[in-house]
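# Structural overview for review
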Amino acid sequence: MSLIHPDFLLHNAVGRRLFHEIASQFPIIDYHNHLDPTMLADNRAFTDLTELWINPDPYKHRAMRIHGIPERGITGEATNREKFENWAATVPATWGNPLFHWNALELQRHFGIDTVLTPATAGEIWDRATDQLGDERFRPLRILNDLGVITVCTSDDLLSDVSRHRRATRQRMVDVYPSLRGDSIVDVTSASFHGWLNELSAATNLEITDLESYLAAVDRRLDAFAAAGCVLADHALDSGFHFTEPSEQRAAKSFLAILHGEVPAEDWERNLRDYLLVALGRRYADRGWGLQLHVGAQRRTSARLRKLAGGAGGYASIGSPADITSIAALLDTIERGGGLPDIILYTLNPADNAAFGSLTGSFAEDGRPGKVQFGPAWWYNDQLSGIREHLDTVASYGLLHHWIGMTTDSRSLLSFCRHEYFRRILCNLLGEWVQRERLPPDGPWLDAAVMNICYSNARRWLANKTPTHAQ
């Protein structure tokens, strides 16, 4: 029997019914990913399997490094065929890791290939997949459409060209919207900030001479994003994040110092960052956007790999547990300043799960179910045991009934079949809860719960953020 079969990961009758009759029938809203908008807008064919499947996937790159593959054969100057063969050599060692399941699911769902990828089968699989790549169904938007994806929100810098999303959406297969990755706005002491600031000034036709004019230029770009359909922003609060209610006066002085090439004292720099986070949070609320906070990544690990593979090369790790006092203080400061945007919290450290789950009830708002979400199991937690633990946390500390559900956070088109993976795990877990009398017997209410988690809650959560751009 193939590893991927109709009842894959479904070990009870209730779970099988819920998946086949309910979960598998609903379309996909992927509200946070890192797909390339140019790739989607151009919608061109791929040259080979590695370009489509391996090059954009840091999960595979990380596994190959752990397996001892030289960087040349992962992200370096090796040929695409060599990189594919290196992945084939790695796959048999991934048993127990979610990549083993994902690899099999991606080959089966996209290429109809049930054979396990190994060095012995690599040539056959390369040829069978290559023979299919010329088909129209392997163009980017068609891949998503065939998986049932109806909406994707990519992650985009403030200076990104958001016209690409319109071009993609006008092809009438998938609605493609930008979401703002706001880290560049806050990272005021990075080596690239002054060059980025000059580009912002040119893009907005505004001279940036102080903090006030800086935020005015940011506002112009936020308006451009909104006109392109943006309804979400995203900020990384990496390992070690601490927040103190900021002083506007100190922030203004620090920004002037940075403009003049000076480096503020560490506490003044942190005050400026905190001020910008609060100012942006209020701007997102004013526009009716949601704010996603990705908390707890340890991104500064190997300087050698950062130099070789770039900033998103797949070598970050889980950071220290979050400072929940700081997270709560940030949200409270934004809320007291005029209103809190809808929030999705993600943590990379599972030690934070209970605290984040309980925080969803700390900023509730009249008439807004699920205003603060503990988002899906993120990054290293997005696997069989991590998803199960995450669902249990949301149910135990919040209301799973209103939970926003799965998103991929992915750079790879083929990985969007992980929505199916999640839905199978969800349905099987709910079936187990019925068996163990944690839930009452199977019935229509359970059908509605699966529908909500797989589709309707995300649709409703985004409903008051209707994209404005013309199709």
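The sections below set out a description of the structure shown in this document. (Residues numbered from 1 in each chain as written. Predicted model: local features only at pLDDT ≥ 70, side-chain atom pairs only at ≥ 80, totals over all residues. Heavy atoms only, no water.)

Mapped onto the elements, Leu308 comes out in helix 15 (residues 303-309). Its relative accessible area of 48% is what places Leu308 among the partly exposed residues. Put simply, Leu308 and Arg65 are 243 residues apart on the chain and 12 Å apart in space, counted from C-alpha to C-alpha. If near-sequence neighbours (up to four positions away) are discounted, Leu308 is found in contact with Glu71 and Thr75. (Helix = DSSP H or I, 4+ residues; strand = E, 2+ residues; numbered from the N terminus. Buried < 20%, exposed > 50% of the residue type's maximum accessible area, 1.4 Å probe, protein only. Contact = heavy atoms within 4.5 Å.)

Before going further, it helps to spend a moment on the side chain of Lys83. Tracing the backbone shows Lys83 in helix 5 (residues 80-90). No salt bridge is formed by the buried Lys83, whose closest oppositely charged neighbour, Glu77, lies at an N-O distance of 7.6 Å. Not counting residues within four places of it along the chain, the set of residues in contact with Lys83 comprises Thr50, Ile54, Asn55, Met64, Arg72, Gly73, Ile74, Thr75, Gly76 and Ala78. (Lys, Arg positive; Asp, Glu negative; His and termini not counted. Salt bridge = Lys/Arg side-chain N within 4 Å of Asp/Glu carboxyl O.)

Here we take up the packing of aromatic side chains. Under the counting rule described, the total for this entry stands at 16 aromatic pairs. Arranged with centres 5.1 Å apart and planes meeting at 55°, the rings of Phe84 and Trp126 form a pair that is tilted. Of the two residues, Phe84 is situated in helix 5 and Trp126 in helix 7 (residues 122-132); the sequence distance between them amounts to 42 residues. The class of Trp126 is buried, set by a relative accessible area of 10%. Both rings, one in Trp378 and one in Trp379, keep their centres 5.5 Å apart while their planes meet at 55°; by these two values the pair is tilted. (Phe/Tyr/Trp six-rings, centres within 6.5 Å; stacked < 30°, edge-to-face > 60°.)

This part covers the nonpolar core. Membership of the largest hydrophobic core comes to 146 residues, with the highest contact counts inside it found for Leu40, Phe111, Leu117 and Tyr214. Examining the composition of this core, we find that nine residues originate from one element, helix 19 (residues 418-435), more than from any other. Those residues within four positions of Leu40 in sequence are excluded, and the remaining contacts are Leu35, Pro140, Leu141, Leu144, Val152, Thr154, Ala168, Gln171, Val176 and Leu413. (Core = buried A, V, L, I, M, F, W, Y, C linked by side-chain atoms within 4.5 Å.)

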